[in-house]
Amino acid sequence: MVDFGGWDMPVEYSGITAEHMAVRTAVGLFDVSHMGDIQFRGPGSLAAIQVISMNDASRLAVGQAQYSAMLYPQGTFVDDILVHKFSDNDYLLVINAGTREKDYQWIRSQVGSYAGVHISDYSDHYTQLAIQGPRAQDTLAKLTRTDLSAIKNYWFTWGTVCGLPNTLIARTGYTGEDGFEIYIPSDEATSERAWSEIMDAGKEFGLLPCGLGARNTLRLEAAMALYGHEISEEINLFEAGLERFSKLGKSDFLGAQALLRVKESGGPKRKLVGLEMIERGIARDGYKVLSLEGKPIGYVTSGSPSPYLKKNIALAYVPVDQIAPGTELAVEVRGNPVKAKVVPTPFYRRAKKTQA
Amino acid sequence: MAYPATYRYTKEHEWIDAGEGKVGITDYAQSTLGDIVFVDLPKVGSSVEKGKVFGSVESVKAVSDLYSPVTGTVVEVNEELATSPEKINSDAHGTWMIKVKLADPAEAQQLLSAGDYETFVKQETH
């Protein structure tokens, strides 16, 4: 067990590799209750969210969610978030555990006094469980009458799950696989019962409980950002390559002005790329990236062996003239340069189901 | 897990079979590391010094330094570990990493016995 953003969480239950492969080939269960939940209610909700969230929440239909981020006025990251539209007057933002307090204070300070919106921190009210993998739907279907096949990717609904009415069931996740996240009351008895029922339901499909270790290797293969690594207070939207999740150029939001100025002055000087080690060695978080001549030119934001691809992969910031796939660089691994090459991301993309 | 009585142990969780000069890591070490994916070992002919780092072992989540239990010269390196490092996980006490020619054959006797090491591990896990 380790301290993750103030929460006592398991790194692994049976082994990172086994858990990772369970999610890629069967189904895995994660307790992600450490995530924060901020509710916006009232007719002024959308207006407030449009200010602090970079993506365009006006494009959401009821029952739809979108990946977004909150930016500082200088265009760097407060946090990345998931915005869910419950109704025209009701939105849920799911935020990271490590930045929960900061995010809530940021939101209150920026839009807390806006007309017609009430913002509350619901984080402690929800236990959030993620069921991820090709058999996730089969597993969850045993515990609910809700037609899960009708929920499209990044959409959600409510239903009775494990006998709990009004459970939020979202087809979202942080693994690069199909899967669901459910939000249930956070009391221990309910949480334990739901966990056990999901464990039992998934047994026939090979379900394994999964910890932070597999959570990290899975999201890394899918090239999904982790706050404090790929995105942070020092990194701007263009550097992180997440412009497509913003309404930049279409409408204003906190950080947009600074970003437009960055664009006008030639764009970012460094960008996030995927790396694959060519020589023997594992690139890890914080390791320096070097040119082949040995000059330090960047750094690794996240790096690890990839259990599914059986390669050593990393995400790293490098100068913009080094971002072309195939570019050869090196990573300083405990004092020695080890060759790597830039590769396209994501490293792993799940096979698309063919339509029936 | 029984720790072989003929081996000697260190508080850094290495074992040495003094008779053959074989060095490895203990079952406790492999279980805390998790799936081992990479082992970095010295070349044949290099010297190792008691208490100093001679290589490293990496699992998916972390890197751990390897500390030499004795002073001497590396006479053989287990080549299998370059392609099958997971052997350490399945049989830590039966998978050696390096063979050392001890500068002082008696040095190994100063290390922990199997019983003392087992006691040490029990204290660590409290």
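Basis of the calculations
- Residues numbered from 1 in each chain as written.
- Chains lettered and ligands numbered in written order.
- Predicted model: local features only at pLDDT ≥ 70, side-chain atom pairs only at ≥ 80, totals over all residues.
- Helix = DSSP H or I, 4+ residues; strand = E, 2+ residues; numbered from the N terminus.
- Rg over C-alpha atoms; globule rule 2.2 N^0.38 Å.
- Buried ≥ 20, exposed ≤ 12 C-beta atoms within 10 Å, placed from the backbone.
- Pairing = 2+ DSSP bridges.
- Contact = placed C-beta atoms within 7 Å.
- Nonpolar A, V, L, I, M, F, W, Y, C, P; charged D, E, K, R; others polar.
- Axes fitted to C-alpha atoms, helices over the stretch in contact; angles between N-to-C directions.
- Domains from an automatic or database assignment.
- Parallel < 35°, antiparallel > 145°, perpendicular 65-115°, else oblique.
- Left-handed = near helix turned anticlockwise from the far one by under 90°.

Enquirer: How do you make sense of the overall build of chain A when you look at a structure like this?
Expert: Scanning chain A from N- to C-terminus turns up eight helices and 19 strands. The globule rule puts the C-alpha radius of gyration for 356 residues at 21 Å, and the 21 Å found for chain A is close to it. In terms of overall dimensions, chain A has a C-alpha envelope of 60 × 50 × 45 Å along the principal axes. Every one of the 356 residues in chain A was classed for burial, and the buried ones make up 46%.

Enquirer: Explain the sheet that holds strand 5 (residues 47–48) of chain B to me, please; I cannot follow it from the model alone.
Expert: To summarise the sheet geometry, strands pair through backbone hydrogen bonds and adopt either a parallel or an antiparallel arrangement. Residues and elements named next belong to chain B. Strand order in the open sheet made by the six strands is 1-2-3-9-8-5, with antiparallel pairing throughout. In the strand order of this sheet, the two ends are held by strand 1 (8–9) and strand 5, each with one partner. Here strand 3 (residues 22–25) runs beside strand 9 (residues 98–102); their pairing, made up of two bridges, is antiparallel. Of the residues in strand 9, the one forming a bridge with Lys22 is Lys99.

Enquirer: Looking at this structure, how should I read the interface of chain A and chain B?
Expert: In many analyses, interface size is given as the accessible surface area lost on bringing the parts together. Every contact between the two is made by 13 residues of chain A and, on the other side, nine residues of chain B. Looking at the side of chain A that touches chain B, the elements that each hand over two or more residues are helix 1 (16–25), helix 6 (212–221) and strand 16 (296–306) of chain A. For the side of chain A that touches chain B, the per-class residue count stands at five nonpolar, five polar and three charged.

Enquirer: I tried to follow the environment of Ala314 of chain A on my own but got confused; where do I start?
Expert: All names here are of chain A. By the secondary structure assignment, Ala314 is in strand 17 (residues 311–319). By C-beta crowding, Ala314 is classed as buried, having 27 other C-beta atoms within 10 Å. Those residues within four positions of Ala314 in sequence are excluded, and the remaining contacts are Leu275, Ala283, Val300, Ser302, Gly303 and Val331.

Enquirer: Where do I start with the sheet that holds strand 4 (residues 36–40) of chain B in this structure?
Expert: All names here are of chain B. Spatial strand order, 4-6-7: three strands in an open sheet with antiparallel pairing. Each edge of the open sheet carries a strand with a single partner, namely strand 4 and strand 7 (63–67). Averaged over all pairs of adjacent strands, the angle between their axes in this sheet comes to 25 degrees, without regard to strand direction.

Enquirer: Is there a simple way to think about the domain arrangement of chain A in this case?
Expert: Residue and element names in this part refer to chain A. Considered domain by domain, chain A is made up of domain 1 (2–217) and domain 2 (269–345). Each of domain 1 and domain 2 has a C-alpha centre, and these two points are 31 Å apart. With seven residues of domain 1 in contact, the opposing surface of domain 2 contributes four residues. Put simply, the parts of the chain that give the side of domain 1 that touches domain 2 at least two residues each are helix 1 and helix 6.

Enquirer: Explain unusual backbone geometry to me, please; I cannot follow it from the model alone.
Expert: Glycine aside, a negative phi is what most residues show, and trans is what most peptide bonds show. All names here are of chain A. Cis geometry marks the peptide bond from Thr345 to Pro346; its omega dihedral reads 5 degrees. Tracing the backbone shows Pro346 in the segment after strand 19 (336–343). In the Ramachandran plot, Cys162 falls in the positive-phi region, its phi being about 50 degrees despite a non-glycine side chain. Structurally, the position occupied by Cys162 is in the loop between strand 10 (156–161) and strand 11 (164–170). With 20 C-beta atoms packed within 10 Å, Cys162 lands in the buried category. For Lys310, which is not glycine, the phi dihedral falls at a positive 55 degrees.

Enquirer: When you look at helix 6 of chain A in this model, what are you seeing that I'm missing?
Expert: Given 3.6 residues per turn, any residue in an α-helix points the same way as the ones three and four places further on. All names here are of chain A. The buried fraction of helix 6 amounts to nine of the 10 residues, a majority that puts the element mostly inside the structure. Within the sequence span of helix 6, burial applies to Leu212, Gly213, Ala214, Arg215, Asn216, Thr217, Leu218, Leu220 and Glu221. Where the residues of helix 6 are buried, they touch strand 1 (2–4), strand 2 (7–9), helix 1, strand 3 (28–31), strand 16 and strand 17. Directly after helix 6, the chain includes Ala223, whose backbone phi takes a positive value near 55 degrees.

Enquirer: Would you mind showing me how to read the packing of helix 1 of chain A against helix 6 of chain A here?
Expert: If you want to describe how two helices pack, look at the angle between their axes and the distance between the axes. Residue and element names in this part refer to chain A. The interhelical angle for the contact between helix 1 and helix 6, taken along N-to-C directions, is 55 degrees, at an axis separation of 8 Å. Here helix 6 runs oblique to helix 1, going by the angle between their axes. In this structure, helix 1 crosses over helix 6, and the sense of that crossing is right-handed. For the pair helix 1 and helix 6, the contacting residues are Ile16, Glu19, His20 and Val23 in the first and Gly213, Ala214, Thr217 and Leu218 in the second. Of the residues in the contact of helix 1 with helix 6, the class split is four nonpolar, three polar and one charged.

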